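Survey of secondary and tertiary structure
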Amino acid sequence: MGSRGFVLWIVGLLVLKLMEGSYATLSPTGINYEVVALMTIKSDLRDPHNVLENWDINSVDPCSWRMVTCTPDGYVSALGLPSQSISGTLSTGIGNLSHLQSVLLQNNAISGLIPSTIGMLENLQTLDLSSNKFTGEIPGSLGDLKNLNYLRLNNNSLSGPIPESLSEIDVLTLVDVSFNNLSSPVPKISARTFKLVGNPLICGSNSHYNCSVYPEPLAFPPDGAKAETQSGVKNHRVALAFGVSFGSAFLIILAIGSFVWWRYRHNQQIFFDVNDQYDPEVRLGHLKRYTFKELRAATDHFNSKNILGRGGFGIVYKGCLNDGSIVAVKRLKDYNAIGGEIQFQTEVEMISLAVHRNLLRLWGFCSTENERLLVYPYMLNGSVASRLRDHSHGRPVLDWSRRKRIALGTARGLLYLHEQCDPKIIHRDVKAANILLDEDFEAVVGDFGLAKLLDHHDSHVTTAVRGTVGHIAPEYLSTGQSSEKTDVFGFGILLLELITGQKALDFGRAANQKGVMLDWVKKLHQEGKLNLLADKDLKGNFDRLELEEMVQVALLCTQFNPSHRPKMSEILRMLEGDGLAEKWEASQNVETPRYLRSYENPPQRYSDFIEESSLVVEAMELSGPR
């Protein structure tokens, strides 16, 4: 072989190698093995709402499919189908998706056995099959998932013993097998939280097992720190004994205070002085932990030109990571430093487990001594607020059909947070500026869980109201106490924003309509002038009956008495055309809320609550793509 032939041979080998890397999932005939695996999964499932409609056997790239997430090099990394009313069985073909890191199929009606082939997914970090109808035993092959952080199999009909092989997984954070028909023996599992409750054969009256939950911190101090902790405990006990022996309450208080102060300083030393020394590839569950240096570079040193929005929780920046991914970086302000790193990681972890097509997915976080940052995917079409009120750059007006889709999508997202998520999450700031739009104009609820993340209290009562004037429920303004019904009120105002295109407060200045939108809408509704409510940008292109029905749903949501407001599941049904007439008729016979009976003259308008509220109110507004 001449030198020219040798060079061509080498080039040919390089080309083949490059092709092998680019089409690693393709067979010699050009078939994508992962497409085949996904289609096998689809064929065994029953999909009443056609959420898998765009899964196509003729496709060579599944990365654009709904409910599918891919790695940068084109492998399927996440399969998320929570709360989609899906039934059928889970195909053994799932074992062929070798790069899967996350499988989220909770809150469906999938039955049959859990495929043992899941044990082949060596990269799997999160497996949530909870609240389905799975039967049979837990496959022992799950013990082969050495990277598994989260395992939720609760609320099924599983039987047999818990596999001993699960005790061999060292990185487990959460194992929940509660409310099944499992039997003993129970292996010693190293998960930081292990839930067994609701298994009668394990947790019966004669049980030798403790079926309570075992939570442990998300990070552990090194051995030397453990020794210091033990020493601190001994000192604490000595101090207590000394105090008791002398009958001095002062010394007891001093000892306890010193111990708490030492633990706080110790936790700061371990968890806060990290800066950029940790490995950025370290993950909390499926969340990536970014360095502050990395996010600072991605946002061009948090350049003001990259600001997407400002709000009560912080500033959102557009960023470009090293791998070319476009992200939204939320730089939190007013974070609870006293809560510490463990508390922050716990709350971030809980937020990350809330996965739904209508919720903004948290990608990662950054935590240093002085900074807290959250990383989200970039939403190409910005917020609903920006699309309603900013028509610059030639962007088209949201038409009536898209506004209806936004209402439905938002309702589904809030329904998941309130009634399907574990633990339940109250948003506390539902408004058009916090509802984002993806590339298909699908509504995505953002900023959920941040109120809880930044307010570490034992109850929902706070000294300051978080939210935006015009969107905050009356009882929250009056008492500082929030609930799911607080979000329902905010959702009602969102519906009015979609209908009118106006802000909730100080709207319509040019038309001399300055004031509170809710009061104005109620007045026009009583006068039968609903035609004046519709956004002028719609130019009359809307269904008048649908508009009237949406106004009625909004008014049901914004009743002053929170107990009279519907739940999100009821709201979704009404928006879909079921039960509105009955609810509306019942709402016409209401009584004065209890918390208003102490007023000599109870407020008749929402604006009265605003004027009489003594609580501090933070106004926040986010706009633009993020």
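For the chain, the count of helices and strands is 17 helices and 25 strands. Buried residues in the chain amount to 51% of all 626 residues. Accessible surface, the chain as shown: approximately 29400 Å² in total, 52% of it carbon and sulfur.

Turning our eyes to something else, we now look at the sheet that holds strand β8 (residues 133-137). Hydrogen bonds between backbone atoms are what pair the strands of a sheet, whose relative direction is either parallel or antiparallel. Overall, mixed pairing links the 6 strands, which are arranged β1-β4-β6-β8-β10-β12 in an open sheet. Here the strands that pair on one side only, and so sit at the sheet edges, are β1 (45-46) and β12 (181-183). Relative to strand β10 (residues 157-161), β8 runs parallel, the two being bridged by 3 bridges. From the neighbouring strand, E137 faces β10, where its bridge partner is S159.

Note that Q552 resides in helix α14 (residues 544-557). Q552 has contacts with H525, L580 and W584, leaving out every residue within four places of it along the chain.

Between S184 and the following residue, P185, the backbone shows a cis peptide bond with an omega angle of 5°. Relative to the helices and strands, P185 resides in the loop between β12 and β13 (193-195). Positive phi outside glycine occurs at N155, with the angle close to 60°. Looking at the element boundaries, N155 is found in the loop between β9 (150-152) and β10. Located in the positive-phi region is K539, a residue other than glycine, with phi close to 55°. According to the relative accessible area criterion, K539 is exposed, its value standing at 71%.

Applying the stated rule across the entire model yields 16 salt bridges. Among the salt bridges present, the one from D447 reaches K330, with a minimum N-O distance of 3.2 Å. One end of the pair, D447, is in the loop between β22 (443-445) and α10 (450-454); the other, K330, is in strand β18 (residues 326-332), and 117 residues separate them in sequence. Per residue, the accessibility class of D447 equals that of K330, and both read buried. The partner of K431 in a salt bridge is D429, and the shortest N-O contact between them spans 3.8 Å. Each member of the pair, K431 as well as D429, carries the same accessibility label: buried. Overlapping salt bridges, with partners in common, bring together R357, R405 and E442 in one network.

Predicted confidence across the chain gives a mean pLDDT of 76, with 70% of residues reaching 70 or more. Of all secondary-structure elements in the chain, the lowest mean pLDDT belongs to helix α1 (residues 3-22), at 41, while β8 reaches the highest, 96. Taken together, the stretch residues 214-249 has pLDDT below 50 and engages in 40 contacts with residues farther than four places along the chain or on a different chain. Segment residues 614-624 is flagged for pLDDT under 50; beyond a separation of four residues in sequence, or across chains, it makes 51 contacts in the model.

When β10 meets β12, the two strands line up parallel, connected through 3 bridges. For G160, the partnering residue across the bridge sits in β12 and is L182.

By the definition in use, this model includes 4 aromatic pairs. Ring plane angle 70° and centroid distance 5.2 Å describe the contact between F302 and Y317, whose orientation is recorded as edge-to-face. Note that F302 is positioned in the loop between α6 (292-298) and β16 (307-311) and Y317 in strand β17 (residues 314-320), a separation of 15 residues in sequence. Note on Y317: relative accessible area 6%, which makes it buried. Joined through ring pairs, the aromatic side chains of F292, F302 and Y317 make up one cluster. The ring centre of F560 lies 4.2 Å from the NZ or CZ of K522, which sits over that ring. Stacked on the ring of F542, the Lys or Arg R544 has its end atom at 4.7 Å from the ring centre.

Spatially, the 7 strands line up as an open sheet ordered β2-β3-β5-β7-β9-β11-β13, and their pairing is mixed. Edge positions in the open sheet fall to β2 (68-70) and β13, since each of these has one partner strand only. Strand after strand, the sheet turns through a mean of 10° between neighbouring axes, direction not considered.

On the secondary structure map, L145 appears in the loop between β8 and β9. What makes L145 buried here is its relative accessible area of 0%. Remark: the alpha-carbon pair of L145 and Q125, spanning 20 residues in sequence, is separated by 7.9 Å. Setting aside residues no more than four positions away along its own chain, L145 makes contact with I118, G119, L121, L124 and I169.

Here we come to the nonpolar core. As a rule of thumb, soluble globular proteins bury nonpolar side chains together. L374 and F491 are the most contacted members of the largest nonpolar core, which has 85 residues in total. Not counting residues within four places of it along the chain, the set of residues in contact with F491 comprises A407, T410, A411, L414, V430, C557, M568, I571 and L575. If you look at the next biggest cluster of nonpolar residues, it comprises 52 residues, including L52, V103, I110 and I169.

Further remarks concern the packing of helix α9 (residues 400-420) against helix α12 (residues 484-500). Relative orientation and spacing of two packed helices are given, respectively, by the angle between their axes and the distance between those axes. Closest axis-to-axis distance for the α9/α12 pair is 10 Å, and the angle between their directions is 175°. Classified by the interaxial angle, the pair formed by α9 and α12 is roughly antiparallel. On the side of α9, the interface is formed by W400, R403, I406, A407, T410, A411, L414 and H418, while α12 contributes E484, D487, F491, L494, L495, L498 and I499. Here the contact of α9 with α12 is built from residues that sort into 10 nonpolar, 2 polar and 3 charged.

Let us look at the pairing of β18. With 5 of 7 residues buried, β18 lies mostly within the body of the structure. By the bridge criterion, 7 bridges tie β17 to β18 in an arrangement that is antiparallel. Note on β18: the bridge partner recorded for V316 is K330. What sits between β17 and β18 in their antiparallel hairpin is a turn of 5 residues, with G324 showing a positive phi close to 90°. Two strands pair when backbone bridges link them, and β18 and strand β20 (residues 372-377) are joined in this way by 5 bridges, in the antiparallel orientation. Across the sheet, residue A328 finds its bridge partner in β20, namely Y376.

Cut-offs and rules
Residues numbered from 1 in each chain as written. Predicted model: local features only at pLDDT ≥ 70, side-chain atom pairs only at ≥ 80, totals over all residues. Heavy atoms only, no water. Helix = DSSP H or I, 4+ residues; strand = E, 2+ residues; numbered from the N terminus. Buried < 20%, exposed > 50% of the residue type's maximum accessible area, 1.4 Å probe, protein only. Areas by Shrake-Rupley, 256 points an atom, 1.4 Å probe, with all protein chains shown as cover. Pairing = 2+ DSSP bridges. Contact = heavy atoms within 4.5 Å. Salt bridge = Lys/Arg side-chain N within 4 Å of Asp/Glu carboxyl O. pLDDT = per-residue confidence, 0-100. Phe/Tyr/Trp six-rings, centres within 6.5 Å; stacked < 30°, edge-to-face > 60°. Lys NZ or Arg CZ within 6 Å of the ring centre and 35° of its normal. Axes fitted to C-alpha atoms, helices over the stretch in contact; angles between N-to-C directions. Core = buried A, V, L, I, M, F, W, Y, C linked by side-chain atoms within 4.5 Å. Parallel < 35°, antiparallel > 145°, perpendicular 65-115°, else oblique. Nonpolar A, V, L, I, M, F, W, Y, C, P; charged D, E, K, R; others polar.

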